[in-house]
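Chains, contacts and geometry: an overview
Residue strings, one per chain:
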Amino acid sequence: STGACGVSAPDKPATPAQVRELLGEGFSQEFANRVEEHLGVDVIVLPLGKAGYSLHLGDRHVIVVGATDRWFRSNFTIAHELGHIFSPPALRDGSRRDENAANAFAAELLMPEVMVRSMSWTDPNPHLIAEHVWKMGVSTQALRARLDYLRPPVSDAVRSILEMPTSRLIRDSLLSSVASSDDVTERMARSARRRFPQHLLTDLRKAVESGRAPHASLAWALGVPGEEDSEESSGELALDLLDGLI
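Here the structure is a predicted model, which is why all the values come from computation and not from measurement.

This part is about the packing of aromatic side chains. Applying the stated criterion across every chain yields a total of four aromatic pairs. Ring centres of Trp71 and Phe72 lie 5.2 Å apart, and the angle between their planes is 80°; this geometry places the pair in the edge-to-face category. Each of the two residues, Trp71 as well as Phe72, counts as buried. Both rings, one in Trp71 and one in Trp134, keep their centres 5.3 Å apart while their planes meet at 75°; by these two values the pair is edge-to-face. One end of the pair, Trp71, is in helix H3 (residues 71-85); the other, Trp134, is in helix H6 (residues 126-136), and 63 residues separate them in sequence. When its relative accessible area of 4% is taken as the criterion, Trp71 is described as buried. Exposure remark for Trp134: the relative accessible area of 5% places this residue in the buried category. Put simply, the rings of Trp71, Phe72 and Trp134 pair up and form one aromatic cluster. Taking the ring centre of Trp71 as reference, the NZ or CZ of Arg187 above it sits at 4.2 Å.

Moving on: the sheet that holds strand S3 (residues 60-66). The strand order S1-S3-S2 describes an open sheet built from three strands, whose pairing is mixed. Two strands close off the open sheet at either side, each with one partner strand: strand S1 (41-46) and strand S2 (52-57). Averaged over all pairs of adjacent strands, the angle between their axes in this sheet comes to 25°, without regard to strand direction. Where S1 meets S3, six bridges bridge the pair, whose relative direction is parallel.

Relative to the helices and strands, Ser155 resides in the loop between helix H7 (140-150) and helix H8 (156-162). A distance of 3.2 Å separates a polar side-chain atom of Ser155 from the backbone oxygen of Thr122.

All right, on to the environment of Trp220 then. Its location among the elements puts Trp220 in helix H12 (residues 215-222). The residues touching Trp220, leaving out its near neighbours within four places in the chain, are Leu46, Arg194 and Phe196.

According to the stated counting rule, one finds 13 salt bridges in the structure shown. Taking the shortest distance from any N to any O, the salt bridge between Arg168 and Asp172 comes out at 3.7 Å. Taken together, the residues span about one helical turn, with Arg168 and Asp172 both in helix H9 (residues 166-173) at a distance of four residues. By sharing partners, the salt bridges in this structure join Arg168, Arg171 and Asp172 into a single network.

The element S1 is largely enclosed, with a buried count of six among its six residues. Side chains Val41, Val43 and Val45 project from S1 onto one buried face, and the interleaved Asp42, Ile44 and Leu46 project onto a second face that is buried too.

Turning our eyes to something else, we now look at the pairing of S2. Here S2 pairs with S3 via six bridges, running antiparallel. Residue pairing for S3: Leu55 is matched across the bridge by Val62. Where S2 folds back on S3, the antiparallel hairpin that results is connected by two residues, among which Gly58 adopts a positive phi of roughly 65°.

Further remarks concern helix H10 (residues 181-192). Compared with an ideal rise of 1.5 Å per residue, which puts twelve residues at 16 Å, H10 spans 17 Å between its outermost C-alpha atoms and is within 8% of the ideal. Considered for burial, the residues of H10 that qualify are Val184, Arg187 and Ser191. Angularly, the buried residues of H10 cover 60° about the axis, an arc narrow enough to put them on a single face. H10 presents Ser181 and Asp182 as exposed residues on the side facing more than 90 degrees away from its buried surface. In this fold, the buried residues of H10 make contact with S1, S3, H3, H6 and H9.

On to H6, then. The complete set of buried residues in H6 reads Ile129, Ala130, His132, Val133, Trp134 and Met136. Where H6 terminates, the next one or two residues include Gly137, which has phi positive at roughly 75°.

Counting through the fold element by element, His84 comes out in helix H3. Within the structure, His84 has its side chain in polar contact with the side chain of His80 (distance 3.1 Å).

How each quantity is defined
Residues numbered from 1 in each chain as written. Predicted model: local features only at pLDDT ≥ 70, side-chain atom pairs only at ≥ 80, totals over all residues. Heavy atoms only, no water. Phe/Tyr/Trp six-rings, centres within 6.5 Å; stacked < 30°, edge-to-face > 60°. Buried < 20%, exposed > 50% of the residue type's maximum accessible area, 1.4 Å probe, protein only. Helix = DSSP H or I, 4+ residues; strand = E, 2+ residues; numbered from the N terminus. Lys NZ or Arg CZ within 6 Å of the ring centre and 35° of its normal. Pairing = 2+ DSSP bridges. Axes fitted to C-alpha atoms, helices over the stretch in contact; angles between N-to-C directions. Polar contact = N/O pair within 3.5 Å; in protein donor to acceptor, adjacent residues only side chain to side chain. Contact = heavy atoms within 4.5 Å. Salt bridge = Lys/Arg side-chain N within 4 Å of Asp/Glu carboxyl O. Expected span 1.5 Å × (residues − 1). Arc of directions from axis to C-beta.

Laid out in structure tokens, this is it:
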């Protein structure tokens with residue numbers, strides 16, 4: 001899915017290396033937050049029938065991601081949409097070439113060639129491979145595809161480990177010194193939770209309070225029942241209503 005371009009300097013193409021530098025070390029651990037803080041691109045997470053897409057809202061660039069507990073899928077979707085956003089305008093035509101370019105951008109952003117080639121892929125150490133997967137923020141499938149494309153020396157034993165589902169590799173082999181069980185759960189929960197940029201929620205709250213937007217719109221964004229917040233609708237009993245009952 002295609003989107004427009006925007007970073008700290010809107011509408012200027014950028015390479016994966018440039019975007020990676022802007023995002024900072026360890027960005028894949030909190031990808032959506034880093035994208036908003038360092039790239040000026042909003043990220044919304046909602047239940048969707050597709051992985052995601054990017055669009056313009058006013059002067060803001062927005063990535064909409066499908067809610068899922070597969071954090072690695074969310075990461076690749078965000079990276080893919082950044083590929084659309086930062087691609088040259090001539091490439092943003094929704095073609096197969098456009099999609100392939102966005103996938104290549106995502107792969108280089110999350111799994112830079114220099115980094116991948118600097119690692120050993122012949123030692124069948126599942127703990128180390130799980131750490132690579134966790135820190136890159138990718139699936140075993142994505143890493144397999146990257147290795148197939150870059151073609152560094154890869155042992156059959158390592159390939160066998162990478163045939164394992166990501167969740168199983170993380171469960172069985174990720175050392176607690178790298179990430180605790182709670183860290184894994186939080187990462188899953190974060191990618192599955194409905195999410196809106198803080199500034200958008202603030203604008204929406206102010207609009208509701210001033211009567212310019214219905215309360216139901218804010219409730220929907222927060223993922224809570226759309227009941228009006230009023231004293232009359234409160235389920236709590238005022239003390240004076242208990243007179244005569246006790």
